[in-house]
Structure formats: C-alpha cells, structure tokens
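Architecture and fold: a report
In case you want the letters, here they are:
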Amino acid sequence: MGAVVAFCSQTGSAKRYADWLAVELGCRMVPLEQIEVVAADADLVVLCSWFHAASLKGAKRFRAYMAAHGEKRYAVVAVGATPMPSELWPASEHEEAFRRSFPAGAYPDMPWCYCQGGFHFERLGAVDKAMMRIYFKMLEGEARKGDQRSGTALAQMREGYDGCERSYLDPLVTELRARGWA
Ligand SMILES: Cc1cc2nc3c(=O)[nH]c(=O)nc-3n(C[C@H](O)[C@H](O)[C@H](O)COP(=O)(O)O)c2cc1C
C-alpha cells in the first residue's frame, strides 16, 4: 500500500512537482502511461499534469483509471503558465480551468491544487509551437488594446521562465495529511 504520483509533462515543470511531491509523500513517481502497472498496490494515486489549452493533459486517461479503481483515493496537481492566485489572476480562473477536466458534480471531494509551472518555447513539440505562435498573436492584439495581463504574459513567455516553487504544493500536502491519506 502507499501512494504513487503519476505525471504528465512536456517541458519538465509537472515532472519537477511530481518529484517534489513523491519525496514529500515518500513514494514513487511514474509517467502516467505506467499507472495501470505501478499503481496496482497504491491506495493513493496523485496525478501531476499541465494545462494544455485549458484542459489537463492525461485527465481522460486518469478519469478512466479512477472509474475502474473506485476503491482507491485520488488527488491532482494542476500545473499551468499563469501565476499563482492574485488580484490580477483570481483563484476562480484556475478552478474554472480545473473543473473543465474534473467537474465538481462528478469529483466534488477530490483534493487538488494549482501550481505555477514555467514556459520554455524551445522545448515544445512542433504542433505546440504552432499553437503558441497563434496564441502570441492573440496576446499581442489584446496587449495593444491595453490589457495588462496579456502584455505581461506575452513578455514572460517570449523570454521564457521557470515559476516552479516547491512550497506551492504545501496546501495539497497539508490536506492529504489532514485526511490521513499521507
Ligand atoms: C499549447 C499550449 C497550451 C497551453 N495552455 C495553457 C492553459 O490553457 N493554461 C495555462 O495555465 N497554461 C497553459 N500552457 C502552459 C503550460 O501548462 C505550462 O508551460 C506548464 O508549465 C507546462 O508543463 P510541463 O513543463 O510539465 O510540460 C500551455 C502550453 C502550451 C504549449
């Protein structure tokens, strides 16, 4: 028994959070593709994945796994490019994006947290690079109209950044311990 952290990551941010969390929980971390084999003995399975066009990568596969293994406990770490909640970036926006993959009606009680990742254009695959070029154009337009968030996001993404902080996992770790799950 014990826990397993299953991760999905393209440029390394979600993998770093998975690594930190696995150390914190004293458990293994594995790519999501190995979940069926590796999580067989685990009673807590945590998905650590990244937002891709407002839905979490691998969520479909994780939901299917959850449905097939109702006896286990589950949690999610959602990693994205947007900053941690603030006046400019209210927590409700992270919640809204998360709920697109794990609707409150179906997953009312599943612990989760948002963690800011990073952005590394050069590490993206060809399709994502093309998507991001279109997104940059959109942000340029918004920034020209005076939208502060778009201007800041565009500048940061063009430059590339690493916004990962281990402490962003603290609320989830606290919650898992409070429930006696970890
Ligand atoms: C094509 C594409 C779409 C993205 N869509 C979102 C999004 O909707 N919301 C968000 O917060 N971040 C979004 N991101 C940013 C990633 O979630 C962020 O860079 C994350 O840290 C990547 O995780 P990884 O390093 O584990 O691959 C997107 C990135 C790419 C390449």
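You'll find the structure just up there.
Residues numbered from 1 in each chain as written. Predicted model: local features only at pLDDT ≥ 70, side-chain atom pairs only at ≥ 80, totals over all residues. Heavy atoms only, no water.

1. Thoughts on the overall build of the protein
On a plain count of helices and strands, the protein comes out with seven helices and eight strands. At 17 Å, the protein has a C-alpha radius of gyration in line with the 16 Å of a compact globule built from 182 residues. A total of 182 residues make up the protein; the buried ones form 44% of that total. When the accessible surface of the protein is totalled, it reaches about 9,500 Å², and 53% of it is carbon and sulfur. Within the protein, the 22 negative side-chain charges are centred at a point lying 5 Å from the centre of the 22 positive side-chain charges. (Helix = DSSP H or I, 4+ residues; strand = E, 2+ residues; numbered from the N terminus. Rg over C-alpha atoms; globule rule 2.2 N^0.38 Å. Buried < 20%, exposed > 50% of the residue type's maximum accessible area, 1.4 Å probe, protein only. Areas by Shrake-Rupley, 256 points an atom, 1.4 Å probe, with all protein chains shown as cover. Lys, Arg positive; Asp, Glu negative; His and termini not counted. Charge placed at Lys NZ, Arg CZ, Asp CG, Glu CD.)

2. Focus: the site of the ligand
Within the structure, the ligand sits among 21 residues, and Ser9, Gln10, Thr11, Ala54 and Gly118 are positioned closest to it. Within the backbone of Phe51, an N or O atom sits 2.7 Å from an oxygen atom of the ligand. Take Ala81: an N or O atom from its main chain is 3.1 Å from an oxygen atom of the ligand. Here the ligand has 650 Å² of accessible area as a free molecule, and 89% of this is covered by the chains. With three residues, strand β3 (residues 44–52) is the single largest residue contributor to the shell around the ligand. Split by residue class, the shell around the ligand holds 10 nonpolar, 10 polar and one charged. (Near = heavy atom within 4 Å. Polar contact = N/O pair within 3.5 Å; in protein donor to acceptor, adjacent residues only side chain to side chain. Nonpolar A, V, L, I, M, F, W, Y, C, P; charged D, E, K, R; others polar.)

3. Comments concerning unusual backbone geometry
Within the chain, Ala53 stands out as a residue other than glycine whose phi angle is a positive 50°. The residue Ala53 is located in the loop between β3 and β4 (55–56) in this model. With a phi close to 70°, Ala54 is a non-glycine residue in the positive phi region. Summarising the element assignment, Ala54 is placed in the loop between β3 and β4. Accessibility expressed as a relative area gives 30% for Ala54, which makes it partly exposed.

4. Some words on the environment of Arg149
Along the polypeptide, Arg149 turns up in helix α6 (residues 148–159). Taking the C-alpha atoms as reference, Arg149 lies 9.0 Å from Leu139; in sequence the two are 10 residues apart. One polar contact links the side chain of Arg149 to the main-chain carbonyl oxygen of Leu88, over a distance of 2.7 Å.

5. Some words on the pairing of strand β2 (residues 28–31)
Note that strand β1 (residues 3–7) and β2 share four bridges and pair parallel. Its bridge partner lying in β2, Ala6 is registered against Val30. Taking the sense of rotation as the criterion, the β-α-β connection linking β1, helix α1 (residues 13–25) and β2 turns out right-handed. (Pairing = 2+ DSSP bridges. Right-handed = clockwise from strand over helix to strand, strands pointing away.)

Treat this as a map of the structure, not an account of what it does.
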